[in-house]
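Now for the letters of each chain:
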Amino acid sequence: DSGVTQTPKHLITATGQRVTLRCSPRSGDLSVYWYQQSLDQGLQFLIQYYNGEERAKGNILERFSAQQFPDLHSELNLSSLELGDSALYFCASSVATPGETQYFGPGTRLLVL
Amino acid sequence: AQSVTQPDIHITVSEGASLELRCNYSYGATPYLFWYVQSPGQGLQLLLKYFSGDTLVQGIKGFEAEFKRSQSSFNLRKPSVHWSDAAEYFCAVVIKAAGNKLTFGGGTRVLVKP
């Protein structure tokens, strides 16, 4: 158990819908990262938050957004969903110093029908 | 282009045999280097990491990795594989000047034969 929790574990929805994925980091970790794992794109970094502020952005679509709340949990919002958004979405957390180990949650598996 | 390459998509190894997974990176400077393992239906677990110093790094579950600057490689090894090592293995880097995001290779799926 990494100490990072993600909910829900599975999500099935339809195209055009909007979903919210939630992540609680390990106690004491200020940074949260979101990654997407899909068959065609592999594991890709989406976005990082540090202590409530956006720190870095990767290959995140404009239809996707995220935020980190004062209690340090984070949410990833996916809207206008398309079939191709079906993937495993991971959250990771770390202390924040570059190179520090990122601890991954179990992931949320999203299926868009 | 900057990248992390794992040349082997699948590797099949007999239980008790040795295992080596290859990883090459293409960056101007030496990045931080990591190996993660993903068991079926699970998240990613860190096996080991290299920042600097001794180029042979010991990790969990009996794994080790060797950093070779001249070859831009960070290969993962285990002397004797157990059936529980069947999983997907990912090499990843952090570019020091680009924050702390992980850039992953495509992964190598390891199958263990009895």
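Every value quoted in this text rests on a predicted model; they were computed, and no experiment measured them.

J.: Break down the overall build of chain B for me, citing the residues and quoting the values.
T.: In terms of helices and strands, chain B carries zero helices and twelve strands. Across chain B, helices and strands are ordered from the amino to the carboxyl terminus as β-β-β-β-β-β-β-β-β-β-β-β. The C-alpha atoms of chain B give 14 Å as radius of gyration, which agrees with the globular expectation for 114 residues (13 Å, within 12%). Here the C-alpha coordinates of chain B stretch approximately 45 × 30 × 20 Å along the principal axes. In chain B, of all internal contacts separated by at least 6 residues, the share reaching a separation of at least 24 is 54%. By element, 50% of the accessible surface of chain B is carried by carbon and sulfur atoms, the whole surface being about 5400 Å². Side-chain charges in chain B split into 11 positive and 8 negative, and the spacing between the mean points of these groups amounts to 6 Å.

J.: Outline the interface of chain B and chain A, listing residues and values.
T.: In this complex, chain B contributes 17 residues to the contact, which on the side of chain A involves 19 residues. Both sides together, the interface formed by chain B and chain A hides about 1500 Å², and carbon and sulfur atoms give 56% of it. Taken together, the links from chain B to chain A amount to zero salt bridges. If you look at where chain B meets chain A, you find six residue pairs in polar contact (both at pLDDT 80 or more). Secondary structure elements with two or more residues in the side of chain B that touches chain A: β5 (32-38), β6 (44-50) and β10 (87-94) of chain B. At four residues, β5 of chain B tops the list of elements feeding residues into the side of chain B that touches chain A.

J.: Break down unusual backbone geometry for me, with residues and values.
T.: Residues and elements named next belong to chain A. Backbone torsion omega between Thr 7 and Pro 8 reads -10°, so that peptide bond is classified as cis. Tracing the chain through its elements places Pro 8 in the loop between β1 (5-7) and β2 (10-13). Its identity is not glycine, yet Ser 80 carries a phi of approximately 45°, on the positive side. One can find Ser 80 in the loop between β8 (74-78) and β9 (87-94).

J.: Which residues make up empty space enclosed by the protein, and what values go with them?
T.: All names here are of chain B. Per the counting criterion, the structure on display carries one cavity of 30 Å³ or more. Its boundaries defined by the atoms lining it, the largest cavity holds a volume of some 50 Å³. Lining the largest cavity, in full, are Val 37, Ser 39, Leu 47, Lys 61, Phe 63, Ser 84, Asp 85, Ala 87 and Tyr 89.

J.: Please provide a residue-by-residue account of the layout of surface pockets, values included.
T.: One number sums up the size of the largest pocket: a volume of about 540 Å³. Around the largest pocket, the lining is made up of 20 residues, and of these Gln 37 and Leu 39 of chain A together with Gln 38, Glu 88 and Arg 109 of chain B lie nearest the centre. For the lining of the largest pocket, the elements supplying multiple residues, two or more each, are β4 (31-38) and β9 of chain A together with β10 of chain B. Broken down by class, the residue content of the lining of the largest pocket amounts to six nonpolar, ten polar and four charged. For the second largest pocket, the calculated volume is near 360 Å³. What lines the second largest pocket is a set of 19 residues, and nearest its centre among them are Ser 2 and Phe 104 of chain A together with Gly 43, Leu 44 and Gln 45 of chain B. Within the residue set of the lining of the second largest pocket, elements represented by two or more residues are β10 (103-104) of chain A together with β5 and β6 of chain B. Of the residues belonging to the lining of the second largest pocket, the class tally is eight nonpolar, nine polar and two charged.

J.: Give a detailed account of the sheet that holds β8 of chain A, specifying residues and quantitative values.
T.: Residues and elements named next belong to chain A. Overall, antiparallel pairing links the four strands, which are arranged β1-β3-β8-β7 in an open sheet. Looking at strand neighbours, the two that pair on one side only are β1 and β7 (64-68), the edges of this open sheet. For this sheet, the mean inter-axis angle between neighbouring strands, taken without regard to orientation, is 15°. Bridge count between β7 and β8: five bridges; the pairing is antiparallel. Of the residues in β8, the one forming a bridge with Gln 68 is Ser 74.

Cut-offs used in this document
Residues numbered from 1 in each chain as written. Chains lettered and ligands numbered in written order. Predicted model: local features only at pLDDT ≥ 70, side-chain atom pairs only at ≥ 80, totals over all residues. Heavy atoms only, no water. Helix = DSSP H or I, 4+ residues; strand = E, 2+ residues; numbered from the N terminus. Rg over C-alpha atoms; globule rule 2.2 N^0.38 Å. Contact = heavy atoms within 4.5 Å. Areas by Shrake-Rupley, 256 points an atom, 1.4 Å probe, with all protein chains shown as cover. Lys, Arg positive; Asp, Glu negative; His and termini not counted. Charge placed at Lys NZ, Arg CZ, Asp CG, Glu CD. Buried area = accessible area lost by both parts, 1.4 Å probe. Salt bridge = Lys/Arg side-chain N within 4 Å of Asp/Glu carboxyl O. Polar contact = N/O pair within 3.5 Å; in protein donor to acceptor, adjacent residues only side chain to side chain. 1 Å grid on protein atoms, 1.4 Å probe; cavity = no way out; pocket = protein on both sides within 12 Å on 5 of 7 lines; lining within 4 Å. Points joined across faces, edges and corners; volume = space filled by probe spheres on them. Nonpolar A, V, L, I, M, F, W, Y, C, P; charged D, E, K, R; others polar. Pairing = 2+ DSSP bridges. Axes fitted to C-alpha atoms, helices over the stretch in contact; angles between N-to-C directions.

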